[in-house]
Amino acid sequence: MSFLQFVAKHRLEIVTLTIEHLWLVCWSMAIALAVGIPLGILLTKRPRLRALVLGSNNVIQTIPSLALFGLLLPVPWLGARADRLTITALALYALLPIVRNTYTGVREVDPTVLEVATGMGLTPTQVLWQVELPLATPVILGGVRVAAVITIGVATVAAAIGSGGLGEFIFRGLAMVDNNVILAGAIPAAIMALLADAAIGLLQRLIRRPRR
Amino acid sequence: MTLHSEFAIEFTHVDYAVSADHALLSDLNLSVRPHETLVLLGQSGSGKTTTLKLINLLLVPTSGEVRVEGRSTLEWNPIRLRRRIGYAVQEVGLFPHYTVEENVALVPKAEKWDKRRIRTRVEDTLALVGLQFPEFADRYPHELSGGQRQRVGLARALAANPPFLLMDEPFGALDPITRAQLQREFATLSKRLGTTVVFVTHDVAEALLLGDRIALIENGSAAGVYSRSEFLASSDETIRAYRETSRLSA
């Protein structure tokens with residue numbers, strides 16, 4: 001059976017697993033963004049926390065994904081459901097690039113612009129929303145782009161603990177020693193990663209163009 | 001405006017130190033009269049910029065008191081105080097992601113003026129600094145020349161019609177011809193508006209052109225305050241040295 005025949009026969013399952021994969025990725029990215037951007041901003045205001053937060057984030061990144069799933073398994077509420085566990089682990093991986101780029105992006109804003117903004121009577125909240133975040137957005141999006149690609153890739157491993165996604169095909173294919181099955185998982189995951197990369201890249205350019 | 005003293009801005013025994021053994025200002029006494037332009041003239045590192053930043057509360061005095069409209073800066077709500085004080089610096093610091101119109105509208109918008117009033121005010125303020133609204137409103141700062149950028153910076157500082165204006169070598173980075181032009185225009189403009197201006201420079205010619213009075217800042221305190229004619233006539237050694245730099249005589 002050729003690869004295309006395999007795809008045609010299993011198209012429904014491929015679509016289902018792709019949606020499952022996407023669901024895991026979207027949830028983890030949403031959590032990573034909701035935590036990572038405020039955390040990155042906090043680091044610019046409280047530089048003393050920087051080493052601690054970025055350091056511990058770095059440590060998380062060095063833990064192999066399969067091991068991280070294993071380590072989170074005994075955690076009471078998290079370990080109870082595979083998808084919960086997977087989303088948490090993926091969010092942890094996505095966190096570092098988002099926190100780091102938010103921190104860098106906000107720190108790189110021209111100090112003169114900030115001083116004048118404050119000197120003219122903008123409140124710290126206004127400075128954040130009107131100056132720091134808009135000017136940091138291209139850099140923050142760069143972090144989101146990296147995080148999205150990492151998450152889509154690592155999410156394939158989640159099948160090992162039974163939370164589904166395209167990794168199902170990959171693990172099944174490995175067990176069956178059948179390349180068609182492996183590719184049926186690997187190719188959609190790769191396409192998803194490329195699309196996410198291109199889409200966020202486009203967004204970055206759109207935001208940057210009129211403003212520079 | 002309720003004035004509790006005859007001065008618009010007053011420094012009394014102001015010290016400012018970044019650390020225990022590093023003082024930038026020591027025992028600075030200085031007063032600015034309403035509607036005058038006071039120039040702070042001094043060398044790099046003399047404390048001119050620090051003095052300016054104490055007025056709009058970007059810095060807080062280590063000891064002593066800075067009074068604005070008779071009230072200590074520490075008693076002011078910092079946001080309210082700063083919105084009464086226009087601020088223009090050499091690097092301009094326009095928001096690069098805002099158009100000229102949005103940049104100039106900054107303080108009026110923060111003050112929640114209604115849209116029509118903001119629009120009219122932006123047009124008027126741009127006209128004051130010699131820029132035509134239709135031509136410049138939609139441009140971004142990187143599409144402007146250095147001189148135009150500084151004009152927009154000045155318009156932004158003036159937009160909410162503040163009674164005070166702080167200027168930190170605003171024309172310092174411009175080419176000589178543009179600089180001379182802006183200096184002349186500013187001299188007329190500040191008189192017409194009646195704004196109380198504190199202007200920092202190290203350029204004697206600029207000080208003499210713009211200043212009603214000139215305060216000589218040396219080593220973190222005011223070495224003397226002179227009217228234009230006093231400055232030109234003074235036999236003080238530093239002042240003579242300054243006059244030499246631009247070959248000016250009495």
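See the structure shown above.
Overview of the structure. (Residues numbered from 1 in each chain as written. Chains lettered and ligands numbered in written order. Predicted model: local features only at pLDDT ≥ 70, side-chain atom pairs only at ≥ 80, totals over all residues.)

The number of helices and strands found in chain A is 10 helices and zero strands. The order of α-helices and β-strands along chain A, N terminus first, is α-α-α-α-α-α-α-α-α-α. Overall size of chain A, expressed as C-alpha extent along the three principal axes, is 70 × 40 × 20 Å. Counting across all 212 residues of chain A, residues that qualify as buried make up 37%. Taking the contacts inside chain A whose residues are at least 6 apart along the sequence as the reference set, 71% of them involve residues at least 24 apart. (Helix = DSSP H or I, 4+ residues; strand = E, 2+ residues; numbered from the N terminus. Buried ≥ 20, exposed ≤ 12 C-beta atoms within 10 Å, placed from the backbone. Contact = placed C-beta atoms within 7 Å.)

Here we take up helix α5 (residues 115-128) of chain B. Residues and elements named next belong to chain B. The terminal C-alpha atoms of α5 lie 20 Å apart, and with 14 residues this matches the ideal 20 Å at 1.5 Å per residue to within 8%. The complete set of buried residues in α5 reads Ile118, Arg121, Val122, Thr125 and Leu126. The buried side chains of α5 occupy one side of the element, clustering within an arc of 130 degrees when seen end-on. Away from its buried face, by an angle of more than 90 degrees, α5 presents the exposed residues Arg116, Arg117 and Ala127. Where α5 is buried, its residues contact α3 (100-104), α4 (106-110), α6 (133-136) and α7 (146-158). (Expected span 1.5 Å × (residues − 1). Arc of directions from axis to C-beta.)

With that settled, consider the interface of chain A and chain B. At the interface, 17 residues of chain A touch 17 residues of chain B. Here the side of chain A that touches chain B gets six residues from one element, more than from any other, and that element is helix α7 (residues 111-119) of chain A. Taken together, the residues of the side of chain A that touches chain B break down into seven nonpolar, six polar and four charged. (Nonpolar A, V, L, I, M, F, W, Y, C, P; charged D, E, K, R; others polar.)

Attention now goes to the sheet that holds strand β8 (residues 196-201) of chain B. All names here are of chain B. Judged by pairing direction, the sheet is mixed, and its six strands sit side by side in the order β6-β7-β8-β3-β9-β10 without closing on themselves. The strands lining the two open edges of the sheet, one partner per strand, are β6 (85-89) and β10 (221-227). Taken pair by pair, the neighbouring strands of this sheet meet at an average axis angle of 15 degrees, ignoring direction. (Pairing = 2+ DSSP bridges. Axes fitted to C-alpha atoms, helices over the stretch in contact; angles between N-to-C directions.)

As a further point, take the packing of helix α3 (residues 50-62) of chain A against helix α6 (residues 82-107) of chain A. Residue and element names in this part refer to chain A. At a minimum axis distance of 9 Å, the contact between α3 and α6 shows a crossing angle of 140 degrees. Compared by their axis directions, α3 and α6 come out oblique. In the crossing of α3 with α6, the sense of the turn from one axis to the other is left-handed. Between α3 and α6, the residues in contact are Val53, Leu54, Asn57, Asn58, Ile60 and Gln61 and Leu92, Tyr93, Leu95, Leu96, Val99 and Arg100, respectively. Residue composition of the contact of α3 with α6, grouped by class: eight nonpolar, three polar and one charged. (Parallel < 35°, antiparallel > 145°, perpendicular 65-115°, else oblique. Left-handed = near helix turned anticlockwise from the far one by under 90°.)

We now examine the sheet that holds strand β1 (residues 9-19) of chain B. Spatially, β2-β1-β4-β5 (chain B) is the arrangement adopted by the four strands of the open sheet, whose pairing is antiparallel. Two strands lie at the open edges of the sheet, namely β2 (22-32) and β5 (71-72) of chain B, each paired on one side alone.

This part is about the nonpolar core. Core analysis: the biggest nonpolar cluster contains 120 residues, and Val198 and Ala215 of chain B have the highest contact counts within it. If we ignore the near neighbours within four places in the chain, the residues touching valine 198 of chain B are Ile9, Val32, Leu38, Leu40, Leu52, Ile55 and Leu166 of chain B. (Core = buried A, V, L, I, M, F, W, Y, C linked by C-beta atoms within 7 Å.)

Residues and elements named next belong to chain A. Viewed as axis vectors pointing N to C, helix α9 (residues 167-176) and helix α10 (residues 179-208) meet at an angle of 165 degrees, and their least axial separation amounts to 7 Å. It follows that α9 is roughly antiparallel to α10 by the angle criterion. Handedness of the crossing formed by α9 with α10: left-handed. Residues Gly167, Glu168, Phe169, Ile170, Arg172, Gly173, Leu174 and Met176 of α9 touch α10, and the partners they reach there are Asn179, Val181, Ile182, Ala184, Gly185 and Ala186. Of the residues assigned to the contact of α9 with α10, the class counts are eight nonpolar, four polar and two charged.

The subject of this paragraph is unusual backbone geometry. Residues and elements named next belong to chain B. One non-glycine residue, histidine 35, adopts positive backbone phi at about 70 degrees. Within the secondary structure, histidine 35 sits in the loop between β2 and β3 (37-41). Positive phi, close to 45 degrees, is recorded for asparagine 219, a residue that is not glycine. By the C-beta count within 10 Å, which is 14 here, asparagine 219 ends up partly exposed.

Note that all results are geometric; they support no functional claim without further evidence.
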